[in-house]
Amino acid sequence: MNDQALTDAFYAHVMGGGKVEADDWMPDDYRAALLKFVEMHANSELMGVLPEREWILRAPTLRRKLALTSKVQDEVGHAQLLYRVAEDLGKPREQMLADLLAGKTKFHNVFHYPTRSWGDVGIIAWLVDAAAIVSQQALRDSSYAPYARTMKKICWEESVHIMHGRDVVLTLMNGTDAQRAMVQEALDRWWGPLMQMHGPKTDPATDRDLIWKIKSKHNEQLRQEFLSIYVPRILELGLTIPDPALRYDQAEGRWQYTEPDWDELRSVVTGHGPMSQQRLEFRRTSRDDTQWVRDAIIGPATVAAA
Amino acid sequence: MDLSTPVRDALAELLLTLADDEFVLGYWDSEWTGIAPMLEEDVAMSSVSQDEIGHARAWYELVASLTDDDADRLAYGRAPEEYRHAALMNHARTDWAFTVARRFLYEHADAARLESLARSSYSPLAELAVKMRREETYHLMHFEIWLRRLAEAGGEARERLAAALERLGPDAATVFSPLAGEAALVEAGILPDPLDALRSRWLERVGPVCEALGLPAPDGAAALPPDGRTRRTDEFAWLHGELTMVARSEEAATW
């Protein structure tokens, strides 16, 4: 077969639900789209460690301390697994880290925001992870089999995080007035970023990642799914969702809501969020501080100059 | 086992030293979660620090059962001067070499201590010691490998490691600081070996490793400072402020 015939056969295979393994031949544009997708996912796990890490020293009981450290450890483990998937696509880990720290590649919007109270720990573990798991469950059907397999493991661990998060929130909601106010205040701040998290509505007919089945559901599908599962659960705990327009439209069979602030999303993910630069700077500093260890153990890093 | 009041108080004090050592070190090392030198080591270090917090919880629960207290109250409800961790744990996390050096010194000390306590006549203590030894054996192996790798790498790694061992040297043996009721515990077989004997055993193990690698070993002849488990530093005061921040913010609340 010539290249065009190979390419056509490849796309017919994936669009027909076929799977691709790491050592299978794949067209360059599929490889590039896949790498970009997985790399951003890996970056998000790595950067997603930082907001919750801020509370590892402050967890208020031995049980919470253990649960939170274990959760953050899981996220580091996910970053490691996903960087491996991405590495197999041809980009070295050191290069991916260098690009992330240089602001050349992105990470999810929710990790660009500050944490202000223990309420944030509950809301992040419960709802940010819930919104993430809705996307991640859909990735278990990815046409790229190593990614799909990795997502199975990750989804299982994420479901444990959601239980931990809900338990933190539930305990606070059953606590004092100040504790209840703490959760509500956290939800008020996180709701906007949560609604933006899956991205603006896109046309499924032109979304390459969807056509090639790198992912299996489009943005609005994921957001609707998140709302269907979690709005009732949030209300059940006595919390108020800060969107007066939010309601389920029986006739249309979908959730209506105030249009999320897409300018904010674009600005945040391009490094202009409230904590974007501090978080990157923190990672750069921690990486610089430990460079001597890597130099001693694995030899000096070979990364193309930024 | 029926315990007289003085023996029970001494036992509670011993258990509190075990709990506080693991708790404070587990806290310092949990700061590496998310920022360790490599992702693989990040995951490993998180497991180690979680093991320590888990051990601290088990010891605090045992203290609480003797003194009609509560494990979380012991962990988060005390003033800095009420903690009984060894001065070795007063220092902040510092750099990776410092973490490895402290871990090496501490894991050997803890191993010597747990080996002895596994033979304790107080069975709840002996049972926990047996269980913890299994996990601690892996910690010891892990950090001894790190010690060797940094020492053998030479250059900056070796310099940092040697400097850390120098700095920790004077505090290293404080894990074996004498306890007020120690004689009564030894007599009752609760503490099968005097702490000073455990200190000798510990020195016999860490000394040759350091010597073989050309690293500064703790001074075996130095007298232990009288405040080995009561001295508190600004670094610990900072940690205490962090770790009690949320718990303090709403007194008597459930978290």
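Position numbers for residues count from 1 along each chain, tracking the sequence in the order it is written. Throughout, the order in which chains and ligands are written sets their labels, letters from A for the former and numbers from 1 for the latter. The predicted origin of the model limits local features to residues at a pLDDT of at least 70 and limits the giving and counting of side-chain atom pairs to 80 or more, whereas totals for whole chains, interfaces and linings rest on all residues. Think of the side-chain values as coming from all heavy atoms in the structure, minus any hydrogens and water.

Examining the overall build of chain A
(1) Moving on: For chain A, the count of helices and strands is twelve helices and two strands.
(2) Moving on: In chain A, the succession of α and β elements from N to C terminus is α-α-α-α-α-α-α-α-α-β-β-α-α-α.
(3) Moving on: Think of it in three bands: residues with accessible area under 20% of the maximum for their type are buried, residues over 50% are exposed, and the middle band is partly exposed, with areas taken using a 1.4 Å probe on protein chains only. When burial is assessed residue by residue, chain A has 57% of its 306 residues classed as buried.
(4) Moving on: In chain A, once contacts between residues fewer than 6 apart in sequence are set aside, the share between residues at least 24 apart is 75%.
(5) Moving on: When the accessible surface of chain A is totalled, it reaches about 12,800 Å², and 54% of it is carbon and sulfur.
(6) Moving on: Lys and Arg are tallied as positive, Asp and Glu as negative. Neither His nor the chain termini are counted. We put the charge of a Lys on NZ, of an Arg on CZ, of an Asp on CG and of a Glu on CD. If you average the places of the 37 positive and of the 43 negative side-chain charges in chain A, the two averages end up 3 Å apart. Under the DSSP-based scheme used, a helix requires at least four consecutive residues in state H or I and a strand at least two consecutive residues in state E, with every element numbered from the N terminus. By definition in these notes, contact holds between two residues if any of their heavy atoms fall within 4.5 Å. Only the protein chains shown count as cover for residues, and all accessible areas are computed by the Shrake-Rupley method using a 1.4 Å probe.

Focus: empty space enclosed by the protein
Any empty space left between the atoms is revealed when a probe the size of a water molecule rolls over them.
Residues and elements named next belong to chain B.
(1) Moving on: The way it works is a 1 Å grid over only the protein atoms, where trapped points that fit a 1.4 Å probe form a cavity and open points with protein on both sides within 12 Å along at least five of seven lines form a pocket, and then any residue with an atom within 4 Å of a point lines it. Grid points are joined across faces, edges and corners, and a volume is the space filled by probe spheres set on the points. The full count for this structure, using the stated rule, is one cavity of 30 Å³ or more.
(2) Moving on: Its volume calculated, the largest cavity comes out at about 30 Å³.
(3) Moving on: Forming the walls of the largest cavity are Leu 14, Thr 17, Arg 113, Val 175, Leu 179, Leu 195 and Arg 229.
(4) Moving on: Put simply, Ala, Val, Leu, Ile, Met, Phe, Trp, Tyr, Cys and Pro go in the nonpolar bin, Asp, Glu, Lys and Arg in the charged bin, and everything else, Gly too, in the polar bin. Per-class residue counts for the lining of the largest cavity are four nonpolar, one polar and two charged.

Some points on the interface of chain A and chain B
(1) Moving on: The partner chain B presents 47 residues to the 42 residues of chain A that form the contact.
(2) Moving on: Buried area: the accessible surface (1.4 Å probe) lost by two parts on joining, summed over both. Of all residues in chain A, Leu 57, Leu 62 and Trp 292 of chain A give up the largest surface area on contact with chain B, accounting jointly for 23% of the area buried on that side.
(3) Moving on: Salt bridge, as applied in this entry: a Lys or Arg side-chain nitrogen positioned within 4 Å of an Asp or Glu carboxyl oxygen. Scanning the region where chain A abuts chain B turns up two salt bridges.
(4) Moving on: Across the pair Glu 40 of chain B and Arg 93 of chain A runs a salt bridge whose closest N-O atoms are separated by 2.8 Å.
(5) Moving on: Here a polar contact means two N or O atoms within 3.5 Å. Within protein one must be a hydrogen donor candidate and the other an acceptor candidate, and residues neighboring in sequence count only if both atoms are side-chain atoms. Where chain A packs against chain B, one counts 17 residue pairs in polar contact (both at pLDDT 80 or more).
(6) Moving on: Secondary structure elements with two or more residues in the side of chain A that touches chain B: helix H2 (28–53), helix H3 (62–87), helix H6 (145–173), helix H7 (177–196), helix H11 (276–289) and helix H12 (291–298) of chain A.
(7) Moving on: By residue number, the principal contributor to the side of chain A that touches chain B is H3 of chain A, which donates 14 residues.

Looking at the pattern of salt bridges
All names here are of chain B.
(1) Moving on: Tallying each qualifying case throughout the model produces 43 salt bridges over all chains.
(2) Moving on: For Arg 113, the salt bridge is made with Asp 21, and the minimal N-O distance between the two is 2.8 Å. With Arg 113 in helix H4 (residues 96–117) and Asp 21 in helix H1 (residues 5–30), this residue pair connects regions lying 92 residues apart in the sequence. No difference in accessibility class separates Arg 113 from Asp 21, as the two residues are buried.
(3) Moving on: Measuring nitrogen to oxygen at the nearest pair gives 3.3 Å for the salt bridge that ties Arg 201 to Asp 193.
(4) Moving on: We classify Asp 193 as buried; its relative accessible area is 11%.

Some remarks on the nonpolar core
(1) Moving on: Only buried Ala, Val, Leu, Ile, Met, Phe, Trp, Tyr and Cys residues count toward a nonpolar core, and they belong to the same one when joined by side-chain atoms within 4.5 Å. Judged by nonpolar contacts, the single largest core of 180 residues is most densely connected at Trp 118 and Trp 191 of chain A together with Phe 23 and Tyr 60 of chain B.
(2) Moving on: Those residues in contact with Trp 118 of chain A, other than ones at most four positions away along the chain, are Trp 55, Ala 59, Pro 60, Arg 64, Leu 68, Val 168, Leu 172 and Met 182 of chain A together with Val 246 and Trp 255 of chain B.

With respect to the layout of surface pockets
Residues and elements named next belong to chain A.
(1) Moving on: Its volume calculated, the largest pocket comes out at about 1,300 Å³.
(2) Moving on: For the lining of the largest pocket, the secondary-structure elements that each account for two or more residues are H2, H3, helix H5 (118–139), H6, helix H8 (208–211), helix H9 (219–236) and helix H10 (262–272).
(3) Moving on: Among the elements that make up the lining of the largest pocket, the one with the highest residue count is H2 (twelve residues).
(4) Moving on: Residues of the lining of the largest pocket, tallied by class, amount to 15 nonpolar, 16 polar and 15 charged.

Considerations on the packing of H7 of chain A against H9 of chain A
Residues and elements named next belong to chain A.
(1) Moving on: Taken N-terminus to C-terminus, the directions of H7 and H9 make an angle of 160 degrees; their axes are 12 Å apart at the nearest point. The angle between the axes of H7 and H9 places the two elements in the roughly antiparallel class. Considering only the axes of H7 and H9, their crossing is left-handed. Taking contact as the criterion, the partners of Leu 187, Trp 191, Leu 194 and Met 195 in H7 are, on H9, Arg 223, Phe 226, Leu 227, Val 231 and Ile 234.
(2) Moving on: Looking at the contact of H7 with H9 residue by residue, the class counts come to eight nonpolar, no polar and one charged. To define axes, lines are fitted to C-alpha atoms, for helices over the stretch in contact only, and angles between the resulting N-to-C directions are given on a 0 to 180 degree scale. When an angle is under 35 degrees it counts as roughly parallel; over 145 it counts as roughly antiparallel; between 65 and 115 it counts as roughly perpendicular; any other value is oblique. In a left-handed crossing the near helix is turned counterclockwise from the far helix by less than a right angle, and in a right-handed crossing that turn is clockwise.

Let's talk about the packing of aromatic side chains
(1) Moving on: Any two rings among Phe, Tyr and Trp, with Trp reduced to its six-membered ring, count as a pair given centres within 6.5 Å; such a pair is stacked if its planes are under 30 degrees apart, edge-to-face if over 60, and tilted if neither. Tallied over the entire structure, the rule returns 19 aromatic pairs over all chains.
(2) Moving on: Between Phe 10 of chain A and Tyr 30 of chain A the ring centres are 4.8 Å apart and the planes differ by 70 degrees, which places this aromatic pair in the edge-to-face class. With Phe 10 of chain A in helix H1 (residues 3–15) and Tyr 30 of chain A in helix H2, this residue pair connects regions lying 20 residues apart in the sequence. Accessibility classification places Phe 10 of chain A together with Tyr 30 of chain A in one group, the buried group.
(3) Moving on: Ring centres of Tyr 30 of chain A and Trp 212 of chain A lie 6.2 Å apart, and the angle between their planes is 50 degrees; on these two criteria the pair is classed as tilted. Of the two residues, Tyr 30 of chain A sits in helix H2 while Trp 212 of chain A sits in the loop between H8 and H9, which places them 182 residues apart along the sequence. As far as the burial class goes, Tyr 30 of chain A and Trp 212 of chain A line up, both buried.
(4) Moving on: The ring of Tyr 83 of chain B carries the charged tip of Arg 78 of chain B above its face, separated from the ring centre by 4.1 Å.
(5) Moving on: Geometrically, a lysine NZ or arginine CZ counts as sitting over a ring once it is within 6 Å of the ring centre and also within 35 degrees of the ring normal. When the ring centre of Trp 146 of chain B is taken as reference, the NZ or CZ atom of Arg 149 of chain B above it lies at 5.4 Å.

Regarding a nonpolar patch on the surface
(1) Moving on: Within this analysis, patches are made of residues with over 30% relative accessible area and no salt bridge. Like charges are joined at 9 Å or less; nonpolar side chains (Val, Leu, Ile, Met, Phe, Trp, Tyr) at 5 Å or less. Taken together, the side chains of Trp 156, Val 160 and Met 163 of chain A define a hydrophobic patch exposed on the protein surface, amounting to about 360 Å² of accessible area.
(2) Moving on: In this structure, Val 160 of chain A sits in helix H6.

Thoughts on the packing of H3 of chain A against H6 of chain A
Residue and element names in this part refer to chain A.
(1) Moving on: Axis separation between H3 and H6 bottoms out at 10 Å; the angle between their running directions is 160 degrees. Compared by their axis directions, H3 and H6 come out roughly antiparallel. Two packed elements cross with a definite hand, and for H3 against H6 that hand is left-handed.
(2) Moving on: By residue class, the composition of the contact of H3 with H6 is ten nonpolar, five polar and nine charged.

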